[in-house]
Amino acid sequence: MSFMNKAWGATSPEKTEPITITRRAPDDQDVGIDIKFAGICHSDIHTVRSEWGKTTYPLVVGHEIAGIVSAVGKNVTKFKIGDHVGVGCMVNSCRQCENCHDGEEQYCFSGTVFTYNSKDPKDGTITQGGYSQHVVVDQAFVLKVPESIPLDKAAPLMCAGITLYSPLNHWKAGPGKRVGIIGFGGLGHMGVKLAKALGSEVTVFSQTNSKKELGLRLGADDYVATSDPDVFSKLSRKFDLIINTVSASIPLEMYLSCLRRDGSLVQVGAPEKPLLISPFSLDAQRVGLHGSMIGGIAETQKMLDLCGEKLIFPEIEIIPASYIDEAYERVLKSQVKFRFVIDISTM
Ligand code: NAP
Ligand code: ZN
Ligand code: ZN
């Protein structure tokens, strides 16, 4: 039997408000989760505002979900009632294609089923995200939250954490590697913490120096304001890897000029508008421009276990559901240090 639960949904690009949604009853493979906390990712805002194409309203966004298992289907072996768990950006995939086999479900050839605004193959509905009291997810897409991570701080790891961990891991950030992080927001601050934990030297490129002290305190070795044009000549050809987390379309030339020969610039920011680059900025020094989307389920679990072991947590501000629209405005003005997390009990 499906059941109703309270949620906070976007009813138009301008507004979120309380709504009621229906969740399917857990099938044999499903885990029912009482959601305790949900992070606000900038992707939620892009989606609510229909910046990435057509959003189906009303829509409940939220893909940084942390909660407690409240029900398990009869074939569920990985979880039991009472376990602390998380759900990130995906809730299913084909599990048969080459990418799914390789543990890269986020690149499923048949189409990853995202946590919201996707068609759910299990019941044909449009998936609804984590700004809600409950969610029902196949056990294969549920993550274990290590005991050492409080649930409120676990939530942002489900997207911001893995989105930075995956490229750091793939491009082998570690001792002796110099990493640059562009944009010191929700994703960016996790990039600093994770790159440091992996042993790299980290520089933040922010628009201003307003968060510099905090950046250095959170582990950055250097922090520069891109409003100062001299920054780019000083950092010329310095980095092995630069990850761009900026939510707007910014010119990349100057950052590409900061890469060493064969260095990589990885675009994770997903602005509405295209990026413009000159081919010469890639040809010079044979540098690469890549993209990266979240990370696979096994990789996400690996990141969570690392965060649990090394006590790497996001910096969060807990808010009631009624504050979501205001929180969005503050995210757009870069006025959050560094992730809003909704306390679902306020729903
Ligand atoms: P966020 O907290 O708003 O951080 C973005 C940061 O970018 C801001 O804090 C700001 O940093 C900088 N910024 C914003 N506007 C700028 C502008 N016009 N020019 C230069 N810098 C600007 O957002 P987030 O949650 O970290 O997400 C960032 C982006 O990644 C979004 O586009 C989101 O959709 C995308 N995303 C992608 C993936 C993926 O899998 N690829 C996953 C999650 C999110 P400073 O204040 O330091 O300048
Ligand atoms: Zn996200
Ligand atoms: Zn697949």
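Rules used in this analysis
- Residues numbered from 1 in each chain as written.
- Chains lettered and ligands numbered in written order.
- Predicted model: local features only at pLDDT ≥ 70, side-chain atom pairs only at ≥ 80, totals over all residues.
- Heavy atoms only, no water.
- UniProt positions renumbered as here; feature names shortened; annotations may be inferred.
- Near = heavy atom within 4 Å.
- Polar contact = N/O pair within 3.5 Å; in protein donor to acceptor, adjacent residues only side chain to side chain.
- Areas by Shrake-Rupley, 256 points an atom, 1.4 Å probe, with all protein chains shown as cover.
- Helix = DSSP H or I, 4+ residues; strand = E, 2+ residues; numbered from the N terminus.
- Nonpolar A, V, L, I, M, F, W, Y, C, P; charged D, E, K, R; others polar.
- Domains from an automatic or database assignment.
- Contact = heavy atoms within 4.5 Å.
- Buried area = accessible area lost by both parts, 1.4 Å probe.
- Buried < 20%, exposed > 50% of the residue type's maximum accessible area, 1.4 Å probe, protein only.
- Pairing = 2+ DSSP bridges.
- Right-handed = clockwise from strand over helix to strand, strands pointing away.
- Donors = N, O, S within 2.8 Å, 3.2 Å for Na, K, Ca; no water.
- Tetrahedral: all angles 85-135°; square planar, octahedral: opposite > 155°, others 65-115°.
- Salt bridge = Lys/Arg side-chain N within 4 Å of Asp/Glu carboxyl O.
- pLDDT = per-residue confidence, 0-100.

- Identification of the chain as Chaperonin 10-like protein from Lentinula guzmanii is taken from an unreviewed UniProt entry.
- Checking UniProt for the chain, the heading Sequence similarities (unreviewed entry) contains the comment "Belongs to the zinc-containing alcohol dehydrogenase family."
- We quote the UniProt Cofactor (unreviewed entry) comment for the chain here in full: "Zn(2+)".

Overview of the site of ligand 1
- Residues in contact with ligand 1 amount to 29 residues; listed here are only the nearest, His 42, Ser 206, Lys 211, Ile 294 and Arg 339.
- Gln 207 has a polar side-chain atom sitting 2.9 Å from an oxygen atom of ligand 1.
- Take Arg 339: an N or O atom from its side chain is 2.6 Å from an oxygen atom of ligand 1.
- Burial of ligand 1 by the protein chains amounts to 88% of its free accessible area of 920 Å².
- When contributions to the shell around ligand 1 are tallied by element, the ones reaching two or more residues are α1 (42-48) and α5 (186-197).
- Per element, the largest residue contribution to the shell around ligand 1 is three residues, and it comes from α1.
- Among the residues forming the shell around ligand 1, the class breakdown is 13 nonpolar, 14 polar and two charged.
- Each of domain 1 (2-159 + 314-346) and domain 2 (161-291) accounts for three or more of the residues forming the shell around ligand 1.

Some details on the domain arrangement of the chain
- Domain boundaries in the chain define domain 1 (2-159 + 314-346) and domain 2 (161-291).
- Put simply, the middle of domain 1 and the middle of domain 2, counted by C-alpha atoms, are 27 Å apart.
- Each side of the interface is counted separately: domain 1 has 14 residues, and domain 2 has 18 residues.
- The largest contributions to the domain 1 side of the interface with domain 2 come from Cys 159, Glu 315 and Phe 338, which together make up 38% of the buried area.

Focus: the pairing of strand β17 (residues 339-343)
- In terms of residue burial, β17 counts as a mostly covered element, since four of its five residues are buried.
- Direction of pairing for strand β3 (residues 30-39) relative to β17: antiparallel, over a ladder of three bridges. Residue pairing for β17: Phe 37 is matched across the bridge by Asp 343.
- For the segment spanning strand β16 (residues 316-319), helix α11 (residues 324-332) and β17, crossover handedness is right-handed.

Let's talk about the coordination of the zinc ion (ligand 3)
- Protein-derived coordination of the zinc ion (ligand 3) comes from Cys 94 (SG), Cys 97 (SG), Cys 100 (SG) and Cys 108 (SG), at a distance range of 2.3 to 2.4 Å.
- Of note is the zinc ion (ligand 3), whose four donor atoms meet at the metal with angles of 101 to 119 degrees in an arrangement that counts as tetrahedral.
- The motif formed by the donor residues of the zinc ion (ligand 3), counted along the single chain, is C-x2-C-x2-C-x7-C. With a gap of 14 residues between them, Cys 94 in the loop between β6 (90-92) and α2 (98-101) and Cys 108 in the loop between α2 and β7 (113-114) connect regions that are remote in the sequence.
- According to the relative accessible area criterion, Cys 94 is partly exposed, its value standing at 24%.

With respect to the pattern of salt bridges
- Across all of its chains, the model carries 19 salt bridges by this definition.
- Across the pair Arg 339 and Glu 64 runs a salt bridge whose closest N-O atoms are separated by 2.9 Å. Residue Arg 339 is located in strand β17, and its partner Glu 64 is located in the loop between α1 and β4 (65-72); the two are separated by 275 residues in the primary sequence. Each of the two residues, Arg 339 as well as Glu 64, counts as buried.
- Between Arg 95 and Asp 138 there is a salt bridge, with its nearest N and O atoms 3.3 Å apart. Taken together, the residues Arg 95 in the loop between β6 and α2 and Asp 138 in strand β8 (residues 134-138) connect sequence positions 43 residues apart.
- Assessed through its relative accessible area of 36%, Arg 95 is described here as partly exposed.
- What you see here is one network of salt bridges that share partners, running through Arg 24, Asp 27, Asp 30, Arg 95, Asp 120, Lys 122 and Asp 138.

A word on the confidence of the model for the chain
- This prediction gives the chain a mean pLDDT of 97; 100% of its residues lie at or above 70.
- Within the chain, helix α9 (residues 279-283) has the poorest average pLDDT of any element, 94, and strand β5 (residues 84-87) the best, 99.

A look at the environment of Gly 185
- Tracing the backbone through its elements, the reader meets Gly 185 in the loop between β10 (178-182) and α5.
- Look at Gly 185 and you get partly exposed, because its relative accessible area is 25%.
- Distance in space between the C-alpha atoms of Gly 185 and Leu 304 is 20 Å, their sequence separation being 119 residues.

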